[in-house]
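# Structure assessment
Next come the chains, spelled out residue by residue.
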Amino acid sequence: MASFVIEGGHSLSGDIYPQGAKNEVLQIICATLLTAEEVTVHNIPDILDVNNLIQLMRDMGVNVSKKGIDTYSFQAANVDFAYLESDEFLKRCSSLRGSVMLVGPMVARFGKAMISKPGGDKIGRRRLDTHFIGIRNLGADFVYNERREVYEISARQLQGSYMLLDEASVTGTANIVMTAVLAKGKTTIYNAACEPYIQQLCRMLNRMGAKIEGIASNLLTIEGVDELHGTDHTILPDMIEVGSFIGMAAMTKSELTIKNVSHENLGIIPDSFRRLGIKMEQRGDDIHVPAQDTYQIESFIDGSIMTIADAPWPGLTPDLLSVLLVVATQAKGSVLIHQKMFESRLFFVDKLIDMGAQIILCDPHRAVVIGHNHGFKLRGGNMTSPDIRAGIALLIAAMSADGISRIHNIEQIDRGYQNIEGRLNALGARITRI
Ligand SMILES: CC(=O)N[C@H]1[C@@H](OP(=O)(O)OP(=O)(O)OC[C@H]2O[C@@H](n3ccc(=O)[nH]c3=O)[C@H](O)[C@@H]2O)O[C@H](CO)[C@@H](O)[C@@H]1O
Ligand SMILES: C=C(OP(=O)(O)O)C(=O)O
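Keep in mind it's a predicted model, so treat the numbers as computed, not measured.

### Some thoughts on the sheet that holds strand β17 (residues 306-309)
- Strand order in the open sheet made by the four strands is β17-β18-β20-β19, with mixed pairing throughout. The open sheet has two free edges, formed respectively by β17 and β19 (358-363), since each of these has just one partner strand. On average, adjacent strands in this sheet sit at an angle of 20° to one another, irrespective of strand direction.
- When strand β18 (residues 334-338) meets strand β20 (residues 366-370), the two strands line up antiparallel, connected through five bridges. What sits directly across from Ser334, in β20, is Ile370.
- Here helix α11 (residues 321-328) sits on the sheet in contact with β17, β18, β19 and β20, set at roughly 165° to β18.

### Brief notes about a nonpolar patch on the surface
- Together, Tyr162, Leu164, Tyr190 and Leu219 make up an exposed nonpolar region whose accessible area comes to about 430 Å².
- On the secondary structure map, Tyr190 appears in strand β10 (residues 186-190).
- Tyr190 sits in the partly exposed class, given a relative accessible area of 37%.

### As for the domain arrangement of the protein
- Domain parsing of the protein yields domain 1 (3-19 + 237-433) and domain 2 (22-234).
- A separation of 31 Å is found between the C-alpha centroids of domain 1 and domain 2.
- Contact residues are listed per partner, giving 23 residues for domain 1 and 20 residues for domain 2.
- Taken together, the connections running from domain 1 to domain 2 amount to one salt bridge.
- Arg415 is paired through a salt bridge with Asp49; the nearest N and O atoms lie 2.6 Å apart.
- Counting every contact that joins domain 1 to domain 2 gives four residue pairs in polar contact (both at pLDDT 80 or more).

### A closer look at the packing of helix α1 (residues 22-31) against helix α8 (residues 196-207)
- Contact pair α1 / α8: the axes reach a minimum separation of 9 Å and the direction vectors enclose 25°. Taken together, the axes of α1 and α8 are roughly parallel relative to one another. Relative to α8, the crossing made by α1 is right-handed. Between α1 and α8, the residues in contact are Asn23, Glu24, Gln27, Ile28 and Ala31 and Tyr197, Ile198, Gln200, Leu201, Met204 and Leu205, respectively.
- When grouped by side-chain class, the residues that make up the contact of α1 with α8 number seven nonpolar, three polar and one charged.

### Quick notes on the packing of α11 against helix α13 (residues 388-400)
- Across the interface, α11 lies against α13 with an axial gap of 8 Å and an inter-helix angle of 20°. Considered as vectors, α11 and α13 are oriented roughly parallel to each other. Considering the relative orientation of α11 and α13, their crossing is right-handed. Residues Ser322, Val323 and Val326 of α11 touch α13, and the partners they reach there are Arg389, Ala390, Ile392, Ala393, Ile396 and Ala397.

### Concerning the UniProt feature "binding site: phosphoenolpyruvate" (unreviewed entry) in the protein
- If you check UniProt for "binding site: phosphoenolpyruvate" (unreviewed entry), the listed places come out as Lys22 and Asn23 in our numbering.
- On the secondary structure map, Lys22 appears in helix α1.
- The exposure class assigned to Lys22 is buried, which follows from its relative accessible area of 7%.
- Excluding its chain neighbours within four sequence positions, the residues that come into contact with Lys22 are Ile47, Asp49, Asp238, Ile388, Arg389, Arg415 and Gly416.
- Reaching out from Lys22, the side chain makes a polar contact with the side chain of Asn23 at a distance of 2.7 Å.
- Looking at the element boundaries, Asn23 is found in helix α1.

### Section: the site of ligand 1
- Not every one of the 16 residues close to ligand 1 is listed here, only the nearest: Arg97, Ser169, Val170, Thr171 and Asp319.
- Here an oxygen atom of ligand 1 and a side-chain polar atom of Arg97 are 2.9 Å apart.
- A distance of 3.5 Å separates an oxygen atom of ligand 1 from a polar backbone atom of Ala168.
- Protein chains shield 86% of the accessible area of ligand 1, which is 730 Å² for the free molecule.

### What to know about the site of ligand 2
- Not every one of the 13 residues close to ligand 2 is listed here, only the nearest: Lys22, Asp121, Arg126, Arg345 and Arg389.
- Arg126 places a polar side-chain atom, nitrogen or oxygen, 2.8 Å from an oxygen atom of ligand 2.
- A distance of 3.2 Å separates an oxygen atom of ligand 2 from a polar side-chain atom of Asp319.
- Within the complex, 94% of the 290 Å² of free accessible area of ligand 2 lies under protein.
- Broken down by secondary-structure element, the contributors of at least two residues to the shell around ligand 2 are α1 and α13.
- Looking at the shell around ligand 2, you find at least three residues from each of domain 1 (3-19 + 237-433) and domain 2 (22-234).

### Some thoughts on the UniProt feature "binding site: UDP-N-acetyl-alpha-D-glucosamine" (unreviewed entry) in the protein
- As annotated in UniProt, the feature "binding site: UDP-N-acetyl-alpha-D-glucosamine" (unreviewed entry) corresponds to Arg97, Asp319 and Met341 in the numbering used here.
- Counting through the fold element by element, Arg97 comes out in the loop between α4 (87-93) and α5 (103-110).
- For Met341, a relative accessible area of 37% puts it in the partly exposed group.
- The contacts of Met341, once residues within four sequence positions are left out, are Asp310, Ala311, Pro312 and Pro318.

### Examining the packing of aromatic side chains
- Counting across every chain of the model gives seven aromatic pairs.
- Ring centres 5.4 Å apart and planes at 80° place the aromatic pair Phe81 and Phe110 in the edge-to-face group. Placement of Phe81 in helix α3 (residues 81-84) and of Phe110 in helix α5 is noted, with a sequence separation of 29 residues between them.
- Taking the relative accessible area as the measure of exposure, Phe110 reaches 26% and is therefore partly exposed.
- The structure contains a cluster of three or more aromatic residues connected by ring pairs, namely Phe132, Phe142, Tyr144 and Tyr151.

Rules and cut-offs
- Throughout this document, residue positions are counted from 1 along each chain, in the order its sequence is written.
- Key to labels: chains lettered from A, ligands numbered from 1, both in the order written.
- Where local features are concerned, this predicted model is filtered to residues with pLDDT of at least 70; where side-chain atom pairs are given and counted, the filter is 80 or more; whole-chain, interface and lining totals use all residues.
- Side-chain descriptors were evaluated using all non-hydrogen atoms of the structure, hydrogens and water having been removed beforehand.
- Think of it this way: DSSP has to see at least two bridges between two strands before they count as a pair.
- Put simply, DSSP marks the helices as runs of H or I at least four residues long and the strands as runs of E at least two long, and each gets a number from the N terminus on.
- Axes here mean lines fitted to C-alpha atoms, for a helix over just the part in contact, with angles spanning 0 to 180 degrees between N-to-C directions.
- Here a residue-residue contact requires only that any non-hydrogen atoms of the pair lie within 4.5 Å.
- By definition, no residue in a patch forms a salt bridge, and every one has over 30% relative accessible area; like charges are joined within 9 Å, nonpolar side chains (Val, Leu, Ile, Met, Phe, Trp, Tyr) within 5 Å.
- Where accessible areas are quoted, they stem from the Shrake-Rupley method and a 1.4 Å probe; at the residue level, only the protein chains shown are allowed to cover.
- Any carboxyl oxygen of Asp or Glu that lies within 4 Å of a side-chain nitrogen of Lys or Arg is treated as forming a salt bridge with it.
- Only protein chains enter the area calculation, which uses a 1.4 Å probe; residues under 20% of their type maximum are buried, those over 50% are exposed, and those in between are partly exposed.
- What counts as a domain boundary in this text is fixed by an automatic or database domain assignment.
- Definition of a polar contact: a pair of N or O atoms within 3.5 Å, with one able to donate and the other able to accept a hydrogen when the atoms are protein atoms, and with sequence-neighbouring residues admitted only if both atoms are side-chain atoms.
- Between 65 and 115 degrees an angle is taken as roughly perpendicular, under 35 as roughly parallel, over 145 as roughly antiparallel, and anywhere else as oblique.
- Each crossing is labelled by how the near helix is turned from the far one, with a counterclockwise turn of less than a right angle marking it left-handed and a clockwise turn marking it right-handed.
- Amino acid classes used here: Ala, Val, Leu, Ile, Met, Phe, Trp, Tyr, Cys and Pro are nonpolar; Asp, Glu, Lys and Arg are charged; the rest, including Gly, are polar.
- UniProt positions are given in the numbering used here, feature names are shortened, and annotations may be inferred rather than shown by experiment.
- Proximity is defined per residue: if any heavy atom of the residue lies within 4 Å of a molecule or strand, that residue is considered near it.
- Aromatic pairs are defined between Phe, Tyr and Trp rings, using the six-membered ring for Trp, whenever the two ring centres lie within 6.5 Å; interplanar angles under 30 degrees are classed as stacked, those over 60 as edge-to-face, and all others as tilted.

Okay, structure coming up:
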């Protein structure tokens, strides 16, 4: 288990480029299984989850070539079915959440797939009902193999269907879309997730020959086609990284320019930070955050205390609530952070409380933060990162704190943030990996 040692109290300054979006690239790589032709993907981040998925694709028999610093091509002319039956495959799948999205493309193109419990953050229950029900609606059979603790999925002829999803699941929608593109006839998915990740996936599939309408809405219509072709695709900048950098700048009183953010795909993210009083300016496609001595949390128009809550897109992504929470600890004023989707994502606040933050954890979903207005600095601490976004939030806390902090289990951060210490040290941070 690697750790970061952080010397707090240093401001940052300069330009930072967000990496490609982790949650988009996981979908896109899985989708390359839908064609025997070559698919080239640009702006792939060099992060643990993605590298694990690329290795998994290679082990499955996909021809993967590195074409440039962040460009890979994938050609799934053949897939090694013996490997898919192996314990090794199932073990690898259980190390990352994104592996669940292999099911849709495998069933659609080859008529069979296997799935064990996928990995990812341990942030509460993460059910797969939406995936299973949706893919079953298209005609696939799921059989549970008790001995191996896996589902074996098979389909002879997938048939398009109407479905109303029980929730707007991001990976669930991606999986169903990837199954439906090769099913016979028309599929309608209502209450579909519509994050930029899904929009990007649908646009790429259309370039491959799929017929998807309703992109960016929660009503997708898919006319099945017989086969798909190769294409080129560029991953969007990671909106969660963009938000993390906005919060980091405010918390460490830094002046940062976040470059090439793809503003039109950030949705409500910049405004959510503005509600905490953080000033920022859009300059072309960059976001400039000036150094700020203070930022004051807004109240609602009726004067009541601000609530920041997650919601399915175009609502606020749950993946930024940990960062917003940590940033609020040094704001002026109070805010209720309401994490509606996940039930174990707020427990990391104990560590912030140890560092001197004023937070009341009301229940597993809600925390009230009373900001210090920079009047009292957090104290450096010794902590373990429980999940990827708590990890980056703790890193931000440590960078703003007095003294030295240690964060253990930083593999959680490495899952989704590329060379984070190198990029932040170049701006003035003092972070050492040990
Ligand atoms: C690899 C990947 O892409 N992971 C992302 C994906 O995970 P993932 O696709 O696994 O998450 P889902 O969208 O399925 O659901 C996330 C959680 O929210 C709950 N839920 C979801 C929709 C809804 O309308 N109501 C509701 O309560 C679900 O029960 C679940 O507990 O989307 C999550 C929600 O944006 C993000 O946190 C993850 O980073
Ligand atoms: C929860 C996340 O990732 P995963 O779904 O891969 O666990 C995340 O990216 O914040």
